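For reference, the chains in residue letters:
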Amino acid sequence: MMRKKISFLIFDHSGAPLRKIAISKRNLSLMGICAVAFVAFFIFATIDYVSLNQFKTETGLLKNKLAHQSEKISQQETQIQMFADKINELKSELVTLNDFEKQIRIMANIDSTEEEQEGVFGVGGSLPEDIDPSVGLKERPLGLLQEMHEQVQDLNVAYDAQQDRFRKLFSHLEEHRNLLAATPAIKPVDGGWYSSSFGYRKSPFTGRREFHKGLDISAKRGTPIYATGDGVIVYSGNKGLMGKTIVIDHGYGLVTRYGHAKELLKKKGDRVKRGDVIAKVGNTGRSTGPHVHYEVKVDGVRVNPKNYILN
């Protein structure tokens with residue numbers, strides 16, 4: 001049986017037939033199938049290649065992202081370590097400050113209130129244990145962060161309490177400093193000699209026994225007279241038998257008086273510091289010679305000025 005064939009003529013450029021090719025329909029069908037299979041293979045291979053390249057690109061991006069995330073996690077772990085170390089350091093510093101406050105109170109002989117006698121972390125509050133992030137971060141990350149958060153809150157409360165105690169301590173010391181500065185503590189003139197003491201004596205004018213209300217310090221006329229403590233001039237002028245006189249109110253119930261001056265250098269209302277020159281030694285009023293009559297009053301009661309001369 002003759003197989004049906006299909007003939008193909010090949011012409012040259014001038015149109016003359018060169019060659020005749022006869023192919024059976026079966027072979028032609030096989031060739032078509034092969035061509036279709038090749039085209040399909042090429043298409044699938046191309047798609048697979050493109051997909052592979054895309055997967056490779058995505059894999060590279062994921063690797064970069066993973067590396068970035070790992071680096072970020074490492075940085076966060078370092079920051080957590082630093083933060084934990086700082087919390088531990090602050091706890092130690094707070095305890096040191098609390099101990100320092102107690103030492104200052106002992107040195108200044110200041111009694112602590114019941115509230116101030118509490119520990120730095122409250123009544124019976126012991127120092128929280130140091131945080132170890134190298135363990136907690138791996139085993140219980142959320143628990144570690146919660147512990148750090150709680151300790152930061154405790155530190156804030158302890159810091160506020162310590163700050164309040166220091167504020168009260170400073171206020172007390174400032175008041176104490178002001179009292180010390182105001183308290184008469186020096187001799188009102190340099191040199192000189194005590195010509196008459198505080199207390200009962202024989203009057204140089206009447207010869208009778210009388211109570212001498214101050215301390216007489218003889219010195220050369222014109223010798224500077226000093227304020228013996230910080231205060232305010234409440235009187236500056238002539239005062240009968242006392243002659244030219246200055247009176248200083250030091251506050252806290254303390255008052256000093258300086259009489260028989262030759263010249264007054266301060267006026268009423270002037271503020272003075274211990275050691276300021278306020279007048280000059282003279283012989284005004286009823287006096288037997290150049291000297292300063294010096295008095296100290298505590299809550300309105302005259303006391304022995306020698307008890308308030310420390311130099």
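A brief report on the enclosed structure follows.

Observations concerning the overall build of the protein chain
Each helix and strand in the protein chain was counted, giving three helices and 14 strands. Burial statistics for the protein chain: of 311 residues in total, 28% are counted as buried. By sequence separation, contacts in the protein chain at least 24 residues apart represent 61% of the contacts at least 6 residues apart. Looking at the protein chain as shown, the accessible area adds up to about 20,800 Å², and 58% of this sits on carbon and sulfur atoms.

Description of the side chain of Asp270
Among the structural elements, Asp270 can be located in the loop between strand E10 (254-264) and strand E11 (271-272). There is a polar contact of 2.9 Å between the side chain of Asp270 and the backbone nitrogen of Lys267. Among residues more than four places away in sequence, those in contact with Asp270 are Gly231, Val232 and Ile233.

Some thoughts on the pairing of strand E13 (residues 291-298)
For E13, the tally of buried residues reaches six of eight residues, placing the bulk of the element in the interior. Here strand E6 (residues 215-218) runs beside E13; their pairing, made up of four bridges, is antiparallel. When the bridges of E13 are listed, Ile217 appears paired with Val292. Note that E10 and E13 share six bridges and pair antiparallel.

Section: the nonpolar core
Ile225, Ile246, Ile248, Tyr258 and Ile278 are the most contacted members of the largest nonpolar core, which totals 19 residues. Within the residue set of this core, elements represented by two or more residues are E6, strand E9 (244-251), E10, strand E12 (277-281) and E13. Residues in contact with Ile225, not counting those within four places in the same chain, are Pro188, Val189, Tyr258, Ala261, Asp276, Val277, Ile278, Ala279, Lys280, Val281 and Val292.

Some words on the packing of aromatic side chains
The full count for this structure, using the stated rule, is one aromatic pair. Seen in terms of ring centroids, Tyr258 and Tyr294 are 5.3 Å apart; in terms of plane orientation they differ by 35°. Their pairing is tilted. Linking Tyr258 in strand E10 with Tyr294 in strand E13, this pair joins segments that are 36 residues apart in sequence. Cation over ring: Lys239 sits above Tyr235, and NZ or CZ is 4.4 Å from the ring centre. Its guanidinium or amino end placed over the ring of Tyr194, Lys306 lies 4.6 Å from that ring's centre, counting from NZ or CZ.

Side note on the pattern of salt bridges
If charged atoms from side chains of opposite charge come close, those side chains can pair. Tallying each qualifying case throughout the model produces eight salt bridges. The salt bridge partner of Asp230 is Lys273, with a shortest N-O separation of 3.6 Å. Of this pair, Asp230 sits in the loop between strand E7 (224-226) and strand E8 (231-238) while Lys273 sits in the loop between E11 and E12, and the two are 43 residues apart along the sequence. Of the residues examined, Lys273 reaches a relative accessible area of 52% and is grouped as exposed. Between Arg257 and Glu295 there is a salt bridge, with its nearest N and O atoms 2.8 Å apart. You can see Arg257 sitting in strand E10 and its partner Glu295 sitting in strand E13, a full 38 residues away along the chain. On the basis of relative accessible area, Arg257 is assigned to the buried category, the value being 15%. Assessed through its relative accessible area of 3%, Glu295 is described here as buried. Taken together, the salt bridges that share partners define one network made up of Asp164, Arg167 and Lys168.

Considering the side chain of Ser196
Along the chain, the position of Ser196 falls in strand E3 (residues 193-196). Among the polar contacts made by the side chain of Ser196, one reaches the side chain of His212 at a distance of 3.5 Å.

Some details on unusual backbone geometry
Of note, His260 is a non-glycine position whose phi angle comes to about 65°, a positive value. By the element assignment, His260 lies in strand E10. Residues other than glycine seldom take positive phi values, yet Asp299 does so here, at roughly 50°. For Asp299, the location among the structural elements is in the loop between E13 and strand E14 (301-303).

Topic: the environment of Ser195
By secondary structure assignment, the location of Ser195 is in strand E3. For the pair Ser195 and His291, spaced 96 residues apart in the sequence, the C-alpha separation amounts to 8.4 Å. Apart from residues lying up to four places away in sequence, Ser195 is in contact with Asp216, Ile217 and Ser218.

Re a nonpolar patch on the surface
The grouping of Phe38, Val39, Phe42, Ile43, Phe44 and Ile47 at the surface amounts to a nonpolar patch, some 660 Å² of accessible area in total. If you trace the backbone, Phe42 turns up in helix H1 (residues 25-107). With a relative accessible area of 53%, Phe42 lands in the exposed category.

Each value, and the rule that gives it
- Residues numbered from 1 in each chain as written.
- Predicted model: local features only at pLDDT ≥ 70, side-chain atom pairs only at ≥ 80, totals over all residues.
- Heavy atoms only, no water.
- Helix = DSSP H or I, 4+ residues; strand = E, 2+ residues; numbered from the N terminus.
- Buried < 20%, exposed > 50% of the residue type's maximum accessible area, 1.4 Å probe, protein only.
- Contact = heavy atoms within 4.5 Å.
- Areas by Shrake-Rupley, 256 points an atom, 1.4 Å probe, with all protein chains shown as cover.
- Polar contact = N/O pair within 3.5 Å; in protein donor to acceptor, adjacent residues only side chain to side chain.
- Pairing = 2+ DSSP bridges.
- Core = buried A, V, L, I, M, F, W, Y, C linked by side-chain atoms within 4.5 Å.
- Phe/Tyr/Trp six-rings, centres within 6.5 Å; stacked < 30°, edge-to-face > 60°.
- Lys NZ or Arg CZ within 6 Å of the ring centre and 35° of its normal.
- Salt bridge = Lys/Arg side-chain N within 4 Å of Asp/Glu carboxyl O.
- Patch = residues over 30% accessible without salt bridge, like charges linked within 9 Å, V, L, I, M, F, W, Y side chains within 5 Å.

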